[in-house]
Amino acid sequence: AADPMAAKFRPDAAKSYDVIVLYDMWQKITDETKADFVALLKSGKGLVVLHHAIANYQDWEEYPKMFGARYYLKPTLVNGVEKARCQWKHGVKMNVHIADPKHPIARGLKDFEITDETYKGYDIRPEVKPLLTTDEPLSSPTVGWTHTYGKARVAYLQLGHDHLAYENPNYCRLVAQAIRWTAGKTR
């Protein structure tokens, strides 16, 4: 299918859920689906972007504005500046620091260690609010944040490549709390 999310982003289908969770790495999206996606977020539907979904929709300029960052799958010219392809490294043991322990997504969590895939070299919009950081040199320093887009609460978690992350209770708690927060179920 050229646009597998088209049906899910239609307003009539979206009435059945509170949050959109992306864990994909898809590129094709129609103009109609773009408009539906933007409308959902502007109306307040929550959005959680996980791991490699940071690299979705490389040719759609609005997508990075929605969740607060841009990942480069290839060298890209941005405002006259050549941006290198982002780097990744699988199986890195890293320390994750809770930058905002009072935020509902991080509630009850302390700094933790995880083995996961790192991403380095993506651009983060200045208005995002850092939630998770790392001092791992193979990673960009900010690995989780919150953002708003229209009326939507938005969260991004760079963690989550495979079973090593899924088996980490801190990661599971972050995902669950991000979904609840973006749905407006916690303050």
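Use the structure listed above.
Just so it is clear, the model here is predicted, and its values are computed rather than measured.

A. Structural view of the nonpolar core. By size, the foremost hydrophobic cluster in this structure holds 56 residues, and its most contacted members are F37, Y63 and F67. With sequence-adjacent residues up to four places away left out, Y63 is seen in contact with L22, F37, V49, A53, I54, N56 and Y57.

B. Structural view of the environment of T30. With respect to the helices and strands, T30 occurs in the loop between β1 (19–22) and α3 (31–42). As for T30 and A6, which are separated by 24 residues in sequence, their C-alpha atoms are 8.0 Å apart. A polar contact is formed between the side chain of T30 and the side chain of T33, at a distance of 3.0 Å.

C. Expanded view of the sheet that holds β1. Pairing is mixed in the open sheet, where seven strands are placed in the order β1-β2-β11-β10-β9-β6-β7. Looking at the sheet topology across the chains shown, the edges are occupied by β1 and β7 (112–120). Each neighbouring strand pair of the sheet contributes to a mean axis angle of 25°, computed without reference to strand direction. By the bridge criterion, eight bridges tie strand β6 (residues 87–98) to β7 in an arrangement that is antiparallel.

D. Focus on unusual backbone geometry. The phi dihedral of H51 falls on the positive side, at around 45°, and the residue is not glycine. Mapped onto the secondary structure, H51 falls in the loop between β2 (46–50) and α4 (62–67). Residue classification places H51 among the buried residues on the basis of a relative accessible area of 0%. The phi dihedral of N79 falls on the positive side, at around 50°, and the residue is not glycine. Structurally, N79 is set in the loop between β4 (76–78) and β5 (81–83). Residue classification places N79 among the exposed positions, given a relative accessible area of 78%.

Rules of the game
Residues numbered from 1 in each chain as written. Predicted model: local features only at pLDDT ≥ 70, side-chain atom pairs only at ≥ 80, totals over all residues. Heavy atoms only, no water. Core = buried A, V, L, I, M, F, W, Y, C linked by side-chain atoms within 4.5 Å. Buried < 20%, exposed > 50% of the residue type's maximum accessible area, 1.4 Å probe, protein only. Contact = heavy atoms within 4.5 Å. Helix = DSSP H or I, 4+ residues; strand = E, 2+ residues; numbered from the N terminus. Polar contact = N/O pair within 3.5 Å; in protein donor to acceptor, adjacent residues only side chain to side chain. Pairing = 2+ DSSP bridges. Axes fitted to C-alpha atoms, helices over the stretch in contact; angles between N-to-C directions.

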